[in-house]
Structure formats: structure tokens, C-alpha cells
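Topology and contacts: notes
Residue strings, one per chain:
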Amino acid sequence: MNTVLPLIVLFPLVGFLINFLLAGKLSRKLVGIIGSGTVLISFLLSIKAFLDLTALPADARIISDTLYNWMAVEGFSVDVSFLLDPLSAIMILVVTGVGFLIHVYSIGYMAHDEGVGRFFAYLNLFMFSMLTLVLASNFLLMFVGWEGVGLCSYLLIGFWFERDSATEAGKKAFVVNRIGDFGFLLGMFIIFWNVGSLDFQTVTALAPSAFAIGGTVITAATLLLFLGATGKSAQIPLYVWLPDAMEGPTPVSALIHAATMVTAGVYMLARSSALFVMAPTTMMVVAVIGAATALFAATIALFQNDIKRVLAYSTVSQLGYMFMACGVAAFGAGVFHLMTHAFFKALLFLGAGSVIHGMSDEQDMRKMGGLKKYMPVTFITMLIATLAISGLPGISGFFSKDEILWQAFSSDLGHPALWFIGMITALLTTFYMFRLIFMTFFGKERMDEKTKSHLHESPKVMTIPLIVLAILSIAGGWIGIPKLFFGATNFFEHWLEPVFAPAQRILHSSEAHHAASTEWGLMAITVTLSLGAFALALRFYLKKPETVTRLRESFPGVHRLLYGKYFIDEIYDRLIIRPLHFFSIFLWKIVDVLLIDGLINGGAFLVGGVSRVMRYAQSGRLTSYVTVFTVGVALITGVMLLLGYSIGN
Amino acid sequence: MNLSGANIDFTLLLPEISLAICGFAILLLGVTKRGKDFGFGLGLFGLIAALAFTVQQWGTLETGFFGMVTKDGFSSLYNIIFLLAGIISLLIAQTYLRAKKIDKPEYYALVLFSILGMMVMASSYDLIIIFIGLEIMSIPLYVLAGFHRFNPKSNEAGIKYFIIGAFASGFLLYGIALVYGAGATTDLRLIAANYHSMAQQAPLLLYAGVALILIGFGFKVGAVPFHMWAPDVYQGAPTPVTAFFSVGPKAAGFAALMRILDFGFDSMDEIQSVLWILAVLTMAVGNILALFQDNIKRMLAYSSIAHAGYILVALTVGGEGAVASGLYYLLGYTFFNLGAFAILTILDTRDGTDSRFSELTGMASRHPFLATLLAIFMFSLAGFPPTAGFFGKLYIFSGAVEGGFIWLAIIGVMTSFVSVYYYLRVVVACFFTKADHPFQQVAMNPYLALALIITAVGALGLGLFPSSWIDLSRQAFASFL
């Protein structure tokens, strides 16, 4: 241990232990200070680690720290070891930075909750797991963090366990994620089987010789890993748990289900980019699933009325963008969007939390309206985040989204159709986000009098994190301004270059030969059409609300389909859950009741004569014990005498 | 190998001496009215002092008292296991004994003497000394099993354990006599050196002798078919005593078996087939019969038989890697099994309890902390990562595969799959079963908390840092090669 990396991971664990062991003994204030303070220390240490990394020459920017050898069986050895490279450096800064702000916000948000100690304990445990995940130097340790964040997610979704819906949502998240984890595990086994190591650097170095490009093995391995990613990052077909996960407290939605954990799948793909690029089929699947999820979730978000559900589907959609980027081998662009998205989506959720807080726990946007004069800070910061996610030129989301769209169009693995889907998604995003803003902050005040009398701006401990995130949502994208604008190299991509160099070598990709005019043109199309979407939202939800009703009446089918989220939950229920349920009833009735209980009740019959004798013998009578003992003596001595006799001759 | 030198060096025996002194002091003070209360403190002091001396001896390799006493890494590691088991079971005992109104100073003295015997067993190459150690260990155990004098079940446990124990000791001593007849020595170092000539001159005596020795220790570790006493004794004895039984004598039996089979009779390859059968029987019977129990103590009795089976797998394979994994497993087992028993003891301290599964319902909502710990211990017993139980099984079974005992590994893994069912029953009862009556509150105190902390840290620590512990076990094993 000679770097700060282990400390970055350990401080949140310390916070967890203190808050968990002393739950109920510490004052609320102290709980919050310990919870946030430990994360702050991790953040400061992350900055130090980042600076240490920048001090190294560009192609040698790797700091690794092996704590100890975790396990070593013949031919299989895994270390508990951390790896800091440009990619994980970005991740720890985002995780601890945004994480710290959300912890501070939670002090205000959870101020009146009974279980605040438990809440901060889980939150800190989450930070510990997430940092383990991003700093791990091998697949197995990453998997440990991966399971850890899953566990914390489960605990925090079901935090208000007295609500049945919360417990159900927690269970759903848990079960869906198990499917993904199974894929991750199998993928990991295949990699180990072929490469003989799980260490990221070793795997990256040996992959070109261990696998054939486009071969079945590497395709299977990467597809399985991607299945793991779809579970954690809520992509088709495993996205269904994320909208339900909104049952958790809002800071949890911001931290886990928007900014950090759900991006773990993107991070995992970027981390194993050298493997993915060797399987073109997988890359295509990733790009298509990403694009499809982006569009699909955006259409659902159009007509949701629960403010957090809109944001949840928006998150699924934006994660789709990131996967689309990875699928066209623009891993840098994907990670860039991951970062900017962490800022503005965390801000949107925290803003929504502030609204819910002010509205006495109301989440239905139909009962809001006109809130801007009551909650000015929340309004302005959320507006900034909305502009960012809609891609207003000059603000963070614009640069990252534009980069993805351009890569989807121009990369060797890209296709104009992907660009087109991405562009449509961008329009839909602008529309539903401004719909949210208009319904919440403008127009008639539709809440009841009681709620109205309680309306207030949130305390400073909640608004200050909003302001900081708003600044980041504006400026956070400036480190990745494309070359097109000022002719200077894109700093962000340049920074990540060494990480993705092995993948690029496998792809033999050349600098894309597209005219700058094409790039300008595409950008102009997106921006113009987005403005149109904005105008449409303005007309529908502010100027002439009756048009919405009219439209809904003219196209009842479409509205029902979108409002009902394509009835995917119902379809899954019929096709998968019920048959499985049926199967498990079969297991229960037949296997459990008949077989296992049968074993227990009539154990002697099934286990056979030996067992019957054993149970008969286990009568409590000393004589029968001695009899069995003596039989054993006779057998063992007899066998040994025979053996000895054969030696003697 | 210098056997002629007397080397009367009492510092070698400092751990044993401190136990003996404290044990006698407890008995002497117990005569006076006020001295009765010193039992617990003195007992703990003696154990900790012995632990300190043992740790200090770590790394030495010395023989003394005419070659009768050997302190090496192997004996040190085992002594640490015995002393840890003693400390933990003492920490959980006092509250229980007071609640049941049997808090007598003799209890602590008996535990100390018993551990003294175990330490003697682990610290000698001489079969006679090992036998004497076994007797010093066993006689206090018979009394401890029946310590709850007014409880007929406890009395029954004591008597049963004593009669079968005496029976088994007879076989052991007879086995030693036969081996002496074959080679005119009871010193394992001489036996190992002259093994081939002994095997040629008197094969029948030698093989019969080893068979009987194996039976004698098979009884102590609870190997099938010499296990029949275990469920009755475990259930009848006071719970902290059961906790101690499940680890201490078992570990001592394995200490003797490892030294005898992997050093003294290392060249007797045929013994592997007998061990193979014993291991399979023990794993299968232990795990299958554990499924049928309604009483948690009885379930844990069968479970401890099954765990002895896993260690027998390591013994069957033999050699440095396998035996080191067996040692690692024993160390982990000390923590997680005692942890489970510690919680059981805490639960049994309440009135009107009988360690039934149904008594666990509602525990998670009343005592989430205890329930979580119990779940951790159950997961470790079942062998889930990242606990000590997982790595223990991983090392043992992967060792068996490497050693060519594929079928043994397959049977072992299959039986341990079966075990998941009954361990998870405990977790399900705690967390997921609706209670029809409120869970009866338990009282905690610092001693119990300390015992829980030690066991939980051990169970998880060995799982998080398995490599360093397995290295330690390897060093210990290497010291007698």
C-alpha cells in the first residue's frame, strides 16, 4: 500500500461502519457529518490521485496498488489490487464528487426521517462498493463491487420497507439484476478459460493472441458481459427494474439510479474495450440495443405524469446513448456523456426531490404548476439541467451528445440510421423535458390549498448542491469541446486515448475522412429540430393545453400504448414471470413438498437402507451406539489387516 | 534428531504451565466464599497468558524433556486454535451459567485443564504423550457435558460421552500397544525413519495398530461410524459446552491424526483408501441427517460431523498443500462455528427455550444485528463467498482434484450442496418467516459482544485475506517435515 487508492475506497467503509454500528446512538447531525465527511475525504484524495496521474507522461499514466494476494489456487491467482488510469481517474472524480454533493443534500432531504443513520450507512456502503468497482484491477474484484452496489441498490430501493410497493420494487431490481450478473459471471469464466488471467491489463495485452477476431468464443464472452451490462445499466431487455426503483428516496435515485451505479455497465464496456472490438457482432448488438433503448425509453417518457418516472425513463434513454457510442467504438464519447449526464441528471433528480419535498411528497405533475415563484433556486437550476440534457449549444450536454451523434454517423462501425435514431431521441428528449418544466414550474397552480400553504424553497443544505451541480452542468462539457470549434484537440478524448489505444490498434481505424461541413450540417439539423420540439412543448403545455387533449382523443391507441409503457411489464408478466411462477409452484409442490419433505418425513425409505439403520440406531440407546461403533471397528480393522496381509506377502 | 539430550527447559511449557496454575488457583479459591467469583476472570487470564506465550513461541522449533515435548509451528498453530476456542467459549459461558444458576468456579477450571490436554496432544511426537494428553483433555469434558447437574438430559450426555469415550480410548491404547509391538517404539520420528523395516517384519501388527489408532481419534473428531454420541451429547450438554465440544476436541483429534498419519505413517499409502471411505461416509451421513432436524443444536451436531468429513478429505489427499488447507479450514471453522454457537447460547440464555427452529422466527425484526451475524455464520458454514467457509472448501476440494481424488471432490461438493438447504433454513426462519408470537428479547453484555466480534472478524477476515492465512498454515505444516 503505497498510494492513496486504498484510502479512497476505505473512507466510505469507515463511515459505513460508524453509522451502522452506532445506529440510533449518534445525533442526526453527526450522522450526516460522518456520512458526508468520509466521502469528502475520498473526493479530496481522488483529486490528489488525479494530480499524481497527470504528473506522469501520457503513455505511462497507470498507477496500480496491490494490497495483497486474495486467493491463489494452482493456475489461478487474484489480487486485491487497484488500478488508476485516465478512465478510472475520471470515474472516481465523478463518483466521489457527485456522491459528496448528494450526501450533503441528503442531510436536508432525510432530516425528518426516522432511519437517517441506516440511510447514511447504506449510502456509504454504496460508495465503498462503487469505488471498489471502478478502481478494481481485475474482473473478479470488479464483480465484488458490482454485487456490492447491487446489494446497496436493493437495500435503498426498499428503504421505506413499510411500503409494499418499495419492497416489491427492491425485489424486482434484485431479481432482474441476477439475470445480468449471471451473464457477467459466465463471460468472466470464458475469459479466464482462454486468457488464464482476470487482470485487466493482462487480458488487454493477451486478448489479440488468445482470441480470433470475430470468433465464436470472443463473441460469446462479450455478449455475456454485455448481458451483465444491460442488467446493471437498465437496457433492453432488462431495463424494467429502473423505473420501479424510483420507490427509493430521491437522493438514492440521483446517486445510484442516475449518476453512478447504472453507468457501471458503460464503464465495464469501456474497461474491456479491447475485448469488445474483437467481436464485431457484439459491437453491432451493443449499438443497436443502445439506439433502440434510447428511442424506446424516450417515447415512454413523453406522457408519464410522475415527475420521477419521467426522469427514470430519461435515464434509461440517455444510457442508451452511451451504449450506442460504445457500440460504434467511440468509447471516449460514451464516457464523456457518462460524465456530463452524471452532472445534469443528478441535478434533475435532486431538483425533483426538492420539488417533492416542497410539495409535501406529491410526485404527480398534474397536481403541480406555477412553482417557479415559490422555488426560484430549484427552478433555475433545473432549467439549466434541462437545457443541458436538451443539448443547448455551449452547455455540457450539447458537446457530449453531439459527439455521440457524430460518431454514430461517421465511425467505421457507425451507420446513418443510428444517427437518425439518436437525432429523433434528442428531439423527444427536448420535448419531454420541457413538458416537465412547464407542467411543474409554469401555468396554473393545480395543487390543493393545504399543500400550497406549505410550499417553500428547500433549505440551503439542499439548494447549494443544486447550484454546484448547475455550474458543472454548464461548464462540465467544456473539457470535451470537439476539434471542430476552435481547432484545438478535444482535451477529454486526448486524456482517455491511452486507455483505448489497444482497442484502436485492433480496429486499425483511421481518422475519419468526413468533411467538416457534414459535421456542421448534422449539428445544425439536430439543433434546429430540437428548437422545434421545444416550441411544440411550449404550445402544448403552456400556451394551448387543450391541444393535448384533442390529440389524445384523435390518437387514443398511441397514447394508451405510450402511457402504458408499451405494456412491457405486462408482457413480461405473461411470458416470463407467470410461467416461472408456475414452474416454481411445480418445484414447490412436487420437488419441495413431495421430494424434500418426503425425504424428511419418510427419509428412511428414500435415503435407503443405510439411513434407515442409522436413524434406527440413533435411538438414544447406548448399546446400539456401541454396536455401530463395533461394526465400524471390525470393518476398518478388517480392511487394514487385509492390506497388511497383502504387504506381508 | 537428537533424542538423547534431556533438555529440561520449562520455558517450552510456559503455555501449559500457565493454564495449570490458573486452573488450580481457581479450584483453591473456589473453596472460599469470595473466591468463587474469581473463576471467570482467572480462567480468562490463564487462557490469554497461554495465548501470549504461544504466540511468542511461534517460529521456534525445539524439543525437550527427552524428546517427549516438541514445540513447532504446527503445535503453535493448533494451540492458538484451542486457546481461541477456549477464550470464546468462556466469554459466552458466564452469562449462560448464571442464568441457569450453575455458575460454579469448577467450570472454568475444567475448561482450562481440558485445553491443557489438547495442547499436550498437539505438542508431541510420542504416542504415549499424545495419549496422556487425550485423557487429560477427555476427563474434564465428560464432567462438562454433565455440568447441568439438575438437568437429566445433561446427565445423560455426560454418561454417554464417558462410556463411549472410555470404549474408544481402549481401542486407541491397544492400537498404540500393537504399534509398539511392531517397532519397539512409540516415537513417531523413529517410526517414520524405520517404517519400511517395521512394515516388513510385522505388517499385521502395524496395520492393525494404525487401524485402532485411527478409530480412537475418529471418535474424537466425530467421524462416521464413530459419531453416534455426538447428537445426543451436543443436545444434552449446556450450550456453551457444546460450543466448546464442536471445536476443541475435534481440532485436537485432527492435530494428533495429522501428526500421526502425515508424519509417522506417511509412507503407509494404503491408509488413503480407508480414509477415503471414512471421509465420504462422514460427509454424507452428517449432511443428510442434518436435513431432518428440528433442533438447531442437533442440526449443528450433524453439521459438525459433516465438517469433520471435509477435513478428512484433506487428510486423505495428504501432503503439504492438502493438509495446510485442512488447517486453514479448521481455523475458519473455529470462528464461524463458534460464532453460530455463541448466538445460540445467547438465545438459550432465555427461559423456556430449547433451540428449536421455530424459536428463531421474528428475530430479524427484533434483533437485526444478531440476525445478520447469524446469517453471516450460516453463509460461512454453507461455504458462500467471501467467507472463510468458502475458501476453506475451495482449497480442500481443489487440492483433492489436483491430488487425483476427483470423485472424492465431487461427492464432497455434492454433499455440501445439500448442506445449503439446512443452513439457509436458519436464515429463512430469522428473516422471512412471519412470527405468530413476539420474539423474546435477549440480553447482551460486553463479553458476549466481544465473542461475537472476534468470531465475525475471524470468519470474514479469513475470507477476505485467505492467502496470508493459507501461507501461515503451510508454514505450520512444513515445520514437521
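Residues numbered from 1 in each chain as written. Chains lettered and ligands numbered in written order. Predicted model: local features only at pLDDT ≥ 70, side-chain atom pairs only at ≥ 80, totals over all residues. Heavy atoms only, no water.

Along the backbone of chain A there are 29 helices and 2 strands. Here the C-alpha radius of gyration of chain A, 28 Å, is about what a compact globule of 649 residues would show, namely 26 Å. Taken along its principal axes, the extent of the C-alpha atoms in chain A is 100 × 60 × 50 Å. Residues counted as buried form 55% of the 649 residues belonging to chain A. Taking the intrachain contacts of chain A between residues at least 6 apart in sequence as the baseline, contacts between residues at least 24 apart amount to 79%. Of the roughly 26,000 Å² of accessible surface on chain A, 70% is carried by carbon and sulfur atoms. (Helix = DSSP H or I, 4+ residues; strand = E, 2+ residues; numbered from the N terminus. Rg over C-alpha atoms; globule rule 2.2 N^0.38 Å. Buried < 20%, exposed > 50% of the residue type's maximum accessible area, 1.4 Å probe, protein only. Contact = heavy atoms within 4.5 Å. Areas by Shrake-Rupley, 256 points an atom, 1.4 Å probe, with all protein chains shown as cover.)

All right, on to the interface of chain A and chain B then. When the parts come together, some accessible area is lost, and that loss is often what is quoted as the size of the interface. Each partner contributes to the interface: chain A provides 37 residues, whereas chain B provides 49 residues. Both faces considered, chain A and chain B share a buried interface measuring about 3,800 Å² in area, 80% of it formed by carbon and sulfur atoms. The tally of links between chain A and chain B comes to 0 salt bridges. Our enumeration of links across chain A and chain B arrives at 6 residue pairs in polar contact (both at pLDDT 80 or more). Mapped onto the side of chain A that touches chain B, the elements with two or more residues apiece are helix 1 (5-21), strand 1 (63-73), helix 26 (568-601), helix 27 (603-607), helix 28 (609-617) and helix 29 (622-648) of chain A. Looking at the side of chain A that touches chain B, the element that brings in the most residues is helix 29 of chain A, giving 18 residues. Among the residues forming the side of chain A that touches chain B, the class breakdown is 26 nonpolar, 9 polar and 2 charged. (Buried area = accessible area lost by both parts, 1.4 Å probe. Salt bridge = Lys/Arg side-chain N within 4 Å of Asp/Glu carboxyl O. Polar contact = N/O pair within 3.5 Å; in protein donor to acceptor, adjacent residues only side chain to side chain. Nonpolar A, V, L, I, M, F, W, Y, C, P; charged D, E, K, R; others polar.)

Once that is clear, we can look at the pattern of salt bridges. Taken as a whole and judged by the stated rule, the model has 19 salt bridges over all chains. Two residues, E147 of chain A and R178 of chain A, come together in a salt bridge whose shortest N-O distance is 3.1 Å. With E147 of chain A in helix 5 (residues 139-157) and R178 of chain A in helix 6 (residues 164-195), this pair connects stretches of sequence that are 31 residues apart. Here E445 of chain A ties to K373 of chain A by a salt bridge, and the two come within 2.7 Å at their closest N and O atoms. With E445 of chain A in the loop between helix 18 (416-441) and helix 19 (449-454) and K373 of chain A in the loop between helix 15 (331-358) and helix 16 (376-390), this pair connects stretches of sequence that are 72 residues apart. On the accessibility criterion, E445 of chain A (25% relative accessible area) is partly exposed. We classify K373 of chain A as exposed; its relative accessible area is 58%. Shared partners join several salt bridges into a network, and the residues in it are E156, K160, D232 and R298 of chain B.

Under the counting rule described, the total for this entry stands at 56 aromatic pairs over all chains. Between the aromatic rings of F139 of chain A and F200 of chain A, the centroid separation amounts to 4.8 Å while the plane-to-plane angle is 70 degrees, which identifies the pairing as edge-to-face. With F139 of chain A in helix 5 and F200 of chain A in helix 7 (residues 200-210), the pair connects residues that are 61 residues apart, well separated along the chain. In this structure, F139 of chain A and F200 of chain A share a single accessibility class: buried. Arranged with centres 5.3 Å apart and planes meeting at 75 degrees, the rings of F10 of chain B and F65 of chain B form a pair that is edge-to-face. In this pair, F10 of chain B sits in the segment before helix 1 (14-29) while F65 of chain B sits in the loop between strand 1 (62-64) and strand 2 (69-71), placing the two residues 55 residues apart along the sequence. Exposure remark for F65 of chain B: the relative accessible area of 14% places this residue in the buried category. Members of the aromatic cluster, joined through ring pairs, are F629 of chain A together with Y142, Y161, F162, F167, F171, F219, F226, W229, Y234 and F245 of chain B. (Phe/Tyr/Trp six-rings, centres within 6.5 Å; stacked < 30°, edge-to-face > 60°.)

What follows concerns helix 5 (residues 127-145) of chain B. Across its 19 residues, helix 5 of chain B extends 26 Å between first and last C-alpha, which sits within 8% of the 27 Å expected from 1.5 Å per residue. Of the residues flanking the start of helix 5 of chain B, the one acting as N-cap is D126 of chain B, its side-chain oxygen 2.9 Å from the backbone nitrogen of I128 of chain B. (Expected span 1.5 Å × (residues − 1).)

What follows is about the environment of M246 of chain A. Residue and element names in this part refer to chain A. Among the structural elements, M246 can be located in the loop between helix 9 (241-244) and helix 10 (250-259). For the pair M246 and K308, spaced 62 residues apart in the sequence, the C-alpha separation amounts to 6.6 Å. Residues contacting M246, with those up to four places away along its chain left out, are S253, H257, K308, A312 and F349.

Honestly, that's just the spatial picture; any functional story needs more than this.
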